[in-house]
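# Structure at a glance
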Amino acid sequence: MTTPEHHKVAIVGGGPAGLPLAVILGGQWPVYRGSALFEERYAQLHHLLERHSETLLGLDFRELCNLGIAPADLFQLLHHPGKKFRSLDQIAYTFQDREPLDYILITREEVGGLWNNVPRNLLTLSPGQWMEFGFYPLRQWADENGIDFDVNDLIIKHRLVEYYHSIPERFGQSNRIRTHENVERIEPHDRGFLISTRRVGSEQTFSYTSEYLVYAVGQRCILRQLDAPGADLPFVRSRYDRPEDIPGQRVMIVGGGRSADWAATELFDAGRDVTYVQRQPEARHVPLINDSFHLPYYRRIAEIMRTPSDRWHLHYETEIERIDAIGKGGRVQLRSPGESRSVDVDHVVLEIGGIADYGIFKGFPELSLVDKYDDYRFQVRQMRTHPHNYESIDVPNLYPGGYLAEGIGLVVYAMHGTTYAIAGDILQKEGIVKKVGLERG
Ligand SMILES: Cc1cc2nc3c(=O)[nH]c(=O)nc-3n(C[C@H](O)[C@H](O)[C@H](O)COP(=O)(O)OP(=O)(O)OC[C@H]3O[C@@H](n4cnc5c(N)ncnc54)[C@H](O)[C@@H]3O)c2cc1C
């Protein structure tokens, strides 16, 4: 057996959680610079930080927590002292070039994570700049690339994906990032972690060891499967991109979250005959719609639901019993309380979400997991972590990336700050960055 390739740190997952960590470990270190807005709104934090001339990666994160400030929140405030972006100089930290730490990032698709696969025309739920990284504001990216758009607007997928895709080269990290490689197994090893991978779509396998491991695989490692006979028929698909990909008039959407709402709305507006099947009751779906009127497609779905149409059939508390092939399409047998019916379709689109996969960890103490739900109707199992450095409470030197860490909100805006605490903790443990206590004024 060949000796595994060794790196100090391995990052698994190249989405909005794993990718910025690569850049920080790759030598972009944050330094406090203050800003008029930050100083005005967070004067106490400014007084704590203004004496701190070295990198913020050297902060005593435990002391910070003892002061009641979660590290992720501190970095969020430095990055976004106002929720609305006004100018680049409102950002209260800046970045300096330092020696990179030896790391590797392994991810099974392109960098940018699940954004590579969301529907083509789907807008973000929040302003574009809430999904940026502190070291490369969207405004800066747009200016450098001659793109004209308001970073406070909701952003369409392809813009965001272009932004994420630009990052490895822009920050000189491309040669440390292995895309299209799937991590199949992570085991304990004398040197820390043993990581076994396979190139996507091939039999080629690789192995790596690392002393630290950041597990940033997001909430869609394993897409949920429909548990019904016929779910694997060719006209049943588990990814929706755009109406043009779905031939035929009669489409059934299965789900009830935001992705399903988007697909149902877009397909209806493309002139299709839409049957929308949800397991949840109406009383759970309607509040999601009413709470989301800041998003144009929620105003539209509400309008569709109010307006009788023979192309729109919405069934709550309904399950799929079986799907049978008929010609190129099929017949779907539905069961609702006290009723069962069959619907003929050309396509079935499953938008039933996915789960974070902790099953690839073998031979470690059992990971403590907790369920997290948010207002956007996202849900994920998070790893229990120490609050000051987001390190697993069960396995030393294992860090769940982004919102896989306990208590972190399920959006980029909430999770991006964990990047700096994780990188800082690793660099402090390695003695590369000196821990500096906060002097209280
Ligand atoms: C429809 C939808 C809309 C959303 N809208 C917003 C929004 O507007 N604003 C917002 O902030 N957030 C939004 N989110 C939340 C979204 O999860 C985050 O934006 C972000 O993508 C999470 O980043 P991540 O890096 O944690 O995970 P991901 O983006 O999922 O990236 C993880 C990466 O790891 C890879 N991976 C997984 N397992 C392995 C493995 N075993 N080996 C190798 N690679 C692996 C995955 O393929 C993926 O590329 C939305 C989510 C969805 C589904």
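Residues numbered from 1 in each chain as written. Predicted model: local features only at pLDDT ≥ 70, side-chain atom pairs only at ≥ 80, totals over all residues. Heavy atoms only, no water.

This brings us to the site of the ligand. Neighbouring the ligand are 32 residues; Glu109, Leu125, Val183, Tyr403 and Val412 lie closest to it. At a separation of 2.9 Å, an oxygen atom of the ligand approaches a polar backbone atom of Ala17. Protein contact buries 97% of the 980 Å² of open area that the ligand shows by itself. Mapped onto the shell around the ligand, the elements with two or more residues apiece are strand E5 (123-127), strand E8 (181-189) and helix H11 (412-415). (Near = heavy atom within 4 Å. Polar contact = N/O pair within 3.5 Å; in protein donor to acceptor, adjacent residues only side chain to side chain. Areas by Shrake-Rupley, 256 points an atom, 1.4 Å probe, with all protein chains shown as cover. Helix = DSSP H or I, 4+ residues; strand = E, 2+ residues; numbered from the N terminus.)

It is at 10 Å that the axes of helix H8 (residues 258-269) and helix H10 (residues 296-306) come closest, and there the two elements cross at 65 degrees. The handedness of the crossing between H8 and H10 comes out as left-handed. Note on element contacts: H10 touches H8 through Tyr297, Tyr298, Arg300, Ile301 and Ile304, opposite Arg258, Asp261, Trp262, Thr265, Phe268 and Asp269. Residue composition of the contact of H8 with H10, grouped by class: six nonpolar, one polar and four charged. (Axes fitted to C-alpha atoms, helices over the stretch in contact; angles between N-to-C directions. Left-handed = near helix turned anticlockwise from the far one by under 90°. Contact = heavy atoms within 4.5 Å. Nonpolar A, V, L, I, M, F, W, Y, C, P; charged D, E, K, R; others polar.)

Before going further, it helps to spend a moment on helix H9 (residues 282-290). Taken together, the buried positions of H9 are occupied by His285, Leu288 and Ile289. The buried side chains of H9 occupy one side of the element, clustering within an arc of 100 degrees when seen end-on. Where H9 is buried, its residues touch H8, strand E14 (273-277) and H10. (Buried < 20%, exposed > 50% of the residue type's maximum accessible area, 1.4 Å probe, protein only. Arc of directions from axis to C-beta.)

Looking now at the sheet that holds strand E19 (residues 347-351). The strand order across the open sheet built from five strands is E12-E19-E13-E14-E15, with neighbouring strands paired in parallel fashion. Looking at which strands have only one partner, the edges of the open sheet turn out to be strand E12 (236-237) and strand E15 (312-315). With two bridges connecting them, E12 and E19 associate as parallel partners. Along E19, the bridge assignment pairs Val236 with Val348. (Pairing = 2+ DSSP bridges.)

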